[in-house]
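# Structural description and commentary
The residues making up each chain are set out below.
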Amino acid sequence: MIFLTRNLPMRLPALAITTISMAISSHASAEAPGGPRVEALAGWNSISTDQTSSDANGATFGLRLGYDQPLGSDLSIGIDAEGSKITGKQTSRILVPVPSIPSGPFGPPTTGTQTFNAYDVHTRMGRNLYLGGRISLSLSSRIGLFATVGYANQRLKSCGERAGSDLCSGSGPVSPIPPFLPLNIRHSVNVDGVRFGGGAMLTLSRGLFANVEYRHAEYSNNVSGNQIVSGLGWRF
């Protein structure tokens with residue numbers, strides 16, 4: 001042990017040279033990814049809106065198609081097209097004033113304290129579409145890094161109901177509350193934005209690969225999203 005400790009300073013340069021040589025050799029064997037590919041994706045998703053202070057956390061799963069074009073021995077650019085399903089729900093409560101009802105057919109409105117109806121607005125996440133580009137860097141024959149950026153479109157489905165009525169969980173028709181307010185209201189909207197991310201890819205065998213990545217998206221209407229997904233794919 002004393003012998004090893006005394007000779008450690010002398011061995012450090014040789015150890016550093018060996019490590020650098022191994023890294024250079026590994027990088028020299030790197031091969032830029034190229035050709036068409038298909039991937040199955042699954043992971044965690046979180047979307048926030050300006051309706052509530054809490055995020056809608058859930059799962060995401062989908063399919064990605066892509067193509068990569070090598071630019072050199074270790075660098076390539078590509079295109080991605082992706083469709084996925086996102087779960088998760090946000091709930092916010094709003095108060096809707098009840099209009100005054102006349103005391104008679106032609107009489108003046110009744111006076112008194114203003115009353116309100118409480119409504120719960122549930123926002124569920126729907127399908128997500130993405131089209132964008134990527135750049136990939138091979139670190140070795142099996143390991144690589146990539147970054148992505150592109151256009152994303154997220155569907156949001158909202159349902160407003162009288163608090164405690166639990167009608168949004170059903171699929172029945174909208175029922176009115178006499179004389180003015182509906183019992184539940186369903187609405188769907190698509191928000192556009194930009195998504196960017198990055199991750200790492202591991203080649204498992206010839207054609208078969210796995211990856212893990214983080215994405216962040218900024219949509220219109222003050223909607224944003226974060227994802228951590230993993231994928232299993234095949235390169236043709």
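Keep in mind that this is a model prediction, so the values were computed, not measured. (Residues numbered from 1 in each chain as written. Predicted model: local features only at pLDDT ≥ 70, side-chain atom pairs only at ≥ 80, totals over all residues. Heavy atoms only, no water.)

## A closer look at the overall build of the protein chain
Of regular secondary structure, the protein chain possesses one helix and eleven strands. Ordered by position from N to C terminus, the α and β elements of the protein chain give α-β-β-β-β-β-β-β-β-β-β-β. The buried share among the 236 residues of the protein chain stands at 36%. Counting only contacts in the protein chain whose residues sit at least 6 apart along the sequence, the fraction spanning at least 24 positions is 66%. Surface summary for the protein chain: the accessible area is close to 13,700 Å², and the carbon and sulfur share equals 67%. (Helix = DSSP H or I, 4+ residues; strand = E, 2+ residues; numbered from the N terminus. Buried < 20%, exposed > 50% of the residue type's maximum accessible area, 1.4 Å probe, protein only. Contact = heavy atoms within 4.5 Å. Areas by Shrake-Rupley, 256 points an atom, 1.4 Å probe, with all protein chains shown as cover.)

## Digging into the nonpolar core
Ranked by size, the top nonpolar core spans eleven residues in total: I47, A56, I86, M125, Y130, A152, L156, V191, A217, Y219 and V223. For this core, the secondary structure elements donating two or more residues are β5 (116-138), β6 (143-162) and β10 (208-219). Residues within four places of A152 in sequence aside, it is in contact with L129, Y130, V191, D192, G193, R195 and Y219. (Core = buried A, V, L, I, M, F, W, Y, C linked by side-chain atoms within 4.5 Å.)

## A look at the pairing of β10
Each regular strand shows side chains that alternate between the opposite faces of the sheet. Summarising the sheet, β10 and strand β11 (residues 223-235) pair through twelve bridges and their orientation is antiparallel. From the neighbouring strand, H216 faces β11, where its bridge partner is N226. Taking the residues between adjacent antiparallel strands as the criterion, β10 and β11 are bridged by three residues, where N221 takes a positive phi near 60°. (Pairing = 2+ DSSP bridges.)

## Some points on the packing of aromatic side chains
Tallied over the full model, the rule gives zero aromatic pairs. One Lys or Arg, R134, reaches over the ring of F146 and ends 4.4 Å from the middle of that ring. The ring of Y130 carries R195 above its face, with NZ or CZ at 3.7 Å from the centroid. (Phe/Tyr/Trp six-rings, centres within 6.5 Å; stacked < 30°, edge-to-face > 60°. Lys NZ or Arg CZ within 6 Å of the ring centre and 35° of its normal.)

## Regarding the side chain of H216
Relative to the helices and strands, H216 is located in strand β10. A polar contact of 3.3 Å, which involves the side chain of H216, links it to the backbone oxygen of G225. Setting aside chain neighbours within four positions, we find H216 in contact with V194, R195, F196, S224, G225 and N226. (Polar contact = N/O pair within 3.5 Å; in protein donor to acceptor, adjacent residues only side chain to side chain.)

## So, a nonpolar patch on the surface
Taken together, the side chains of L71, L75, I77, I135, L137, L139, I143, L145, L202, L204 and L232 define a hydrophobic patch exposed on the protein surface, amounting to about 880 Å² of accessible area. Secondary structure elements with two or more residues in the nonpolar patch: β3 (75-86), β5 and β6. Along the chain, the position of L232 falls in strand β11. (Patch = residues over 30% accessible without salt bridge, like charges linked within 9 Å, V, L, I, M, F, W, Y side chains within 5 Å. Salt bridge = Lys/Arg side-chain N within 4 Å of Asp/Glu carboxyl O.)

## Considerations on the pattern of salt bridges
Tallied over the full model, the rule gives eleven salt bridges. Residue R37 is joined to E39 by a salt bridge in which the shortest nitrogen-to-oxygen separation is 3.0 Å. Take R37 and E39: they sit in the same class, and that class is buried. When salt bridges with common partners are traced through the structure, they connect R37, E39, R64, D68, D80, E82, R134, R195, E213, R215 and R235 into a single cluster.

## Observations concerning the pairing of strand β2 (residues 56-70)
Relative to β2, strand β1 (residues 35-48) runs antiparallel, the two sharing 13 bridges. Bridge assignment links G43 to a residue of β2, and that residue is T60. Across eleven bridges, β2 lies against β3 in antiparallel orientation. Counted as the bridge partner of P70 is S76 from β3. Hairpin connection of β2 to β3: four residues between the antiparallel strands.

## What about the confidence of the model for the protein chain?
Per-residue confidence for the protein chain gives a mean pLDDT of 78; residues scoring 70 or more make up 68%. Put simply, strand β7 (residues 176-177) is where the protein chain has its lowest mean pLDDT, 42, and β10 is where it has its highest, 97. (pLDDT = per-residue confidence, 0-100.)

## Brief notes about the environment of V189
Turning to its location among the elements, V189 is positioned in strand β9 (residues 184-203). Counting along the chain gives 35 residues from V189 to Q154, while the straight-line C-alpha distance between them is 8.4 Å. Those residues in contact with V189 that lie beyond four places of it in its chain are Q154, R155 and L156.

## Things to note about unusual backbone geometry
Negative phi is the rule for most residues except glycine; trans is the rule for most peptide bonds. Positioned with a positive phi, N221 is a non-glycine residue whose angle comes to about 60°. Mapped onto the elements of the fold, N221 is located in the loop between β10 and β11. The backbone phi angle of N222 is positive, close to 60°, even though this residue is not glycine. Looking at the element boundaries, N222 is found in the loop between β10 and β11. With a relative accessible area of 58%, N222 lands in the exposed category.

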